[in-house]
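Residues per chain are reported as follows:
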Amino acid sequence: VGPLAGGLFDYNRENFFFDWEQRLKREFQGQNMRVKQFSLYREDVRDLMGLTVSKMDNYLVVNAFTLGICIMLFTMGRPESGKSAQWVLWLGSMTTASALFYT
């Protein structure tokens, strides 16, 4: 019974250490996967922020042109007061002002 119990103990001991090593590898692999997953999240956030910044750069150019056109309409493009009706002057001023405030 003694050698049989010793052999059975050694057999279980080898399985225990094998399982322990596999469990440890599984935990480390899980940690590595979580680290890679969060690095992908960070990369996604960086990409989204880059898109937002590039969109804002495009909007800045368009708004600068719109602002320039509105200022030109207020200074040089104003209709003459004697040749146009009063409501046309007010309508032109209000639409130009709303375009200016929209930018």
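Structure shown above.
Owing to the predicted nature of the structure, the values given are computational and were not obtained by experimental measurement.

Looking only at helices and strands, the protein has 2 helices and 0 strands in total. Here the protein has a C-alpha radius of gyration of 37 Å; the compact-globule value for 103 residues is 13 Å, and the former is much larger. Referenced to the eigenvectors of the C-alpha coordinate spread, the extents of the protein come out at roughly 120 × 20 × 10 Å. By the burial criterion, 6% of the 103 residues in the protein qualify as buried. Roughly 9400 Å² of accessible area belongs to the protein as shown, and the carbon and sulfur atoms make up 67% of that amount. Between the averaged position of the 11 positive side-chain charges in the protein and that of its 10 negative side-chain charges there is a distance of 8 Å.

This part is about the pattern of salt bridges. Enumeration according to the criterion identifies 1 salt bridge in this entry. Between K25 and E21 there is a salt bridge; the shortest N-O distance is 3.4 Å. Of this pair, K25 and E21 both sit in helix α1 (residues 2-75), 4 residues apart, which is roughly one turn of the helix.

With the rule as written, the count across this model stands at 2 aromatic pairs. Plain terms: the ring middles of F16 and F17 are 5.6 Å apart, the flat faces sit at 70 degrees to each other, and that makes the pair edge-to-face. A relative accessible area of 49% means that F16 is categorised as partly exposed. Note on F38 and Y41: the rings are 5.3 Å apart at their centroids and 85 degrees apart in plane angle, and the pair reads as edge-to-face. With F38 and Y41 both in helix α1 and 3 residues apart, this pair spans about one turn of that helix.

Right, let's get into the side chain of T96. Of note, T96 is situated in helix α2 (residues 86-102). Residue T96 is classed as buried on the basis of its relative accessible area, which comes to 11%. Residue contacts for T96: discarding those within four places in its chain leaves C70, L73 and F74.

Cut-offs applied
Every chain is numbered independently, its residues counted from 1 as its sequence is written. In keeping with the model being predicted, local features are shown solely for residues with a pLDDT of at least 70 and side-chain atom pairs are shown and tallied solely at 80 or more, while totals for entire chains, interfaces and linings include all residues. Working from all heavy atoms in the structure, the side-chain values ignore hydrogens and water. Secondary structure is summarised from DSSP: a helix means a run of H or I of at least four residues, a strand means a run of E of at least two, and numbering begins at the N terminus for each. Put simply, the radius of gyration uses C-alpha atoms, and a globule should come to 2.2 Å times the residue count raised to 0.38. Any residue under 20% of the maximum accessible area for its type is buried, any over 50% is exposed, and the rest in between are partly exposed; the area is computed with a 1.4 Å probe on protein chains only. To be clear on the numbers: accessible area is Shrake-Rupley with a 1.4 Å probe, and residue cover counts the displayed protein chains and nothing else. Only four residue types enter the tally: Lys and Arg on the positive side, Asp and Glu on the negative side, with His and both chain ends excluded. One atom stands in for each charge, and that atom is NZ of Lys, CZ of Arg, CG of Asp or CD of Glu. By definition here, a salt bridge exists when the distance from a side-chain nitrogen of Lys or Arg to a carboxyl oxygen of Asp or Glu is within 4 Å. Stacked, tilted and edge-to-face are the three classes assigned to paired rings of Phe, Tyr and Trp, where Trp is represented by its six-membered ring and a pair needs centres within 6.5 Å; plane angles under 30 degrees give stacked, over 60 edge-to-face, the rest tilted. Here, two residues are considered to be in contact whenever any of their heavy atoms come within 4.5 Å of each other.

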